[in-house]
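This is what each chain is made of:
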Amino acid sequence: MPKDIPDLKGLDGEGSVQVHQDASARIEGAKVFSVYGKGGIGKSTTSSNLSAAFTKLGKRVLQIGCDPKHDSTFTLTGRLQSTVIDTLKEVDFHAEELRPEDFVAVGYGGVQCVEAGGPPAGTGCGGYVVGQTVKLLKQHHMLEDTDVVIFDVLGDVVCGGFAAPLQHADRALIVTANDFDSIYAMNRIIAAVQAKAKNYKVRLAGCVANRSRETDEVDRYCKAVGFDRIAHMPDVDAIRRSRLKKKTLFEMPDEEDIVRCRAEYVRLAQLLWDGTEGLAPEPLPDREIFELLGFD
């Protein structure tokens, strides 16, 4: 290998050129969960309702949105808040000039809400933004009185930057639906988490079937690869309406569907808090997924 090309094979996942996390950037004292899934699958809805559910268990929660759209926490706060990266730009990246209230909003149930944001399209790496956000939170001691941290991560995992929250997480949770595209994305995410798990503490907790009347395809895939479905959120209109009203399900009227979904989120929060087995599924090659889930 030429001297000017570093041999990083296996240092952070097979073939990865992602650098290792600085030990000083570790999140300590809190249980950390990263929520992944196909774009538009309902990660933010899942993350926000899960954050609210954790507060029902008496936990102090911090949710970090990792998407330039900065809409992860708006059902908790009722508004779009400024991003960490934009706030840092305003002070020319002199973090010492900021106060917590400049980049943290308090949402439903006392959830601390942060939107990391991201670089302009095509100009930078999401991993840098996640790193700066965690660094800023540590500098302002925002992680010292927190029981649960939830990273809500954008779309599919296609590069080391999008996988950066996995360096902090104890467990990764995948949101899917009972369809081919969602399960295909989940298979890729499993591969990304397994790569990170070689050098970090993160392990897979399982998947949530979201907006799905049935779970047969999700369950068939899980059985094939050695994965678990740990929750099911049915395709009910109440969830859509809660987003339109900028509220979590816990602030909506006590309709039968809403009460049932709330109970499932609280059950999931309790399951994650109590601790899930670290799963190690074997993702399928693309051709095998088509053979498993494809139709004639």
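The protein chain goes by Light-independent protochlorophyllide reductase iron-sulfur ATP-binding protein in an unreviewed UniProt entry, where it is assigned to Jannaschia seohaensis. Looking at the protein chain in UniProt, the text filed under Sequence similarities (unreviewed entry) is "Belongs to the NifH/BchL/ChlL family." Looking at the protein chain in UniProt, the text filed under Function (unreviewed entry) is "Component of the dark-operative protochlorophyllide reductase (DPOR) that uses Mg-ATP and reduced ferredoxin to reduce ring D of protochlorophyllide (Pchlide) to form chlorophyllide a (Chlide). This reaction is light-independent. The L component serves as a unique electron donor to the NB-component of the complex, and binds Mg-ATP."

Right, let's get into the sheet that holds strand S4 (residues 112–115). Ordered by their spatial adjacency, eight strands build an open sheet running S3-S4-S2-S5-S1-S6-S7-S8, and the pairing between neighbours is mixed. Looking at which strands have only one partner, the edges of the open sheet turn out to be strand S3 (105–106) and strand S8 (229–233). Pairing geometry for strand S1 (residues 31–37) and strand S5 (residues 148–153), over five bridges, is parallel. The residue bridging lysine 31 from the neighbouring strand is valine 148, located in S5. Lying on the sheet, helix H6 (residues 216–225) is in contact with strand S6 (171–176), strand S7 (203–210) and S8; it crosses S8 at an angle near 170°. Contacting S1, S5, S6, S7 and S8, helix H8 (residues 256–274) crosses the sheet at an angle of about 160° to S8.

Further remarks concern the UniProt feature "binding site: ATP" (unreviewed entry) in the protein chain. Here the UniProt-annotated "binding site: ATP" (unreviewed entry) positions come out as Gly40, Ile41, Gly42, Lys43, Ser44, Thr45, Lys69, Asn210 and Arg211. Inspection of the secondary structure assignment puts glycine 40 in the loop between S1 and helix H1 (43–56). Its relative accessible area of 58% is what places glycine 40 among the exposed residues. Position of lysine 69 among the secondary structure elements: in the loop between strand S2 (61–66) and helix H2 (74–77). Within the structure, the side chain of lysine 69 is placed 2.8 Å from the side chain of aspartate 67, a separation counted as a polar contact.

Parameters at a glance
- Residues numbered from 1 in each chain as written.
- Predicted model: local features only at pLDDT ≥ 70, side-chain atom pairs only at ≥ 80, totals over all residues.
- Heavy atoms only, no water.
- UniProt positions renumbered as here; feature names shortened; annotations may be inferred.
- Pairing = 2+ DSSP bridges.
- Helix = DSSP H or I, 4+ residues; strand = E, 2+ residues; numbered from the N terminus.
- Contact = heavy atoms within 4.5 Å.
- Axes fitted to C-alpha atoms, helices over the stretch in contact; angles between N-to-C directions.
- Buried < 20%, exposed > 50% of the residue type's maximum accessible area, 1.4 Å probe, protein only.
- Polar contact = N/O pair within 3.5 Å; in protein donor to acceptor, adjacent residues only side chain to side chain.

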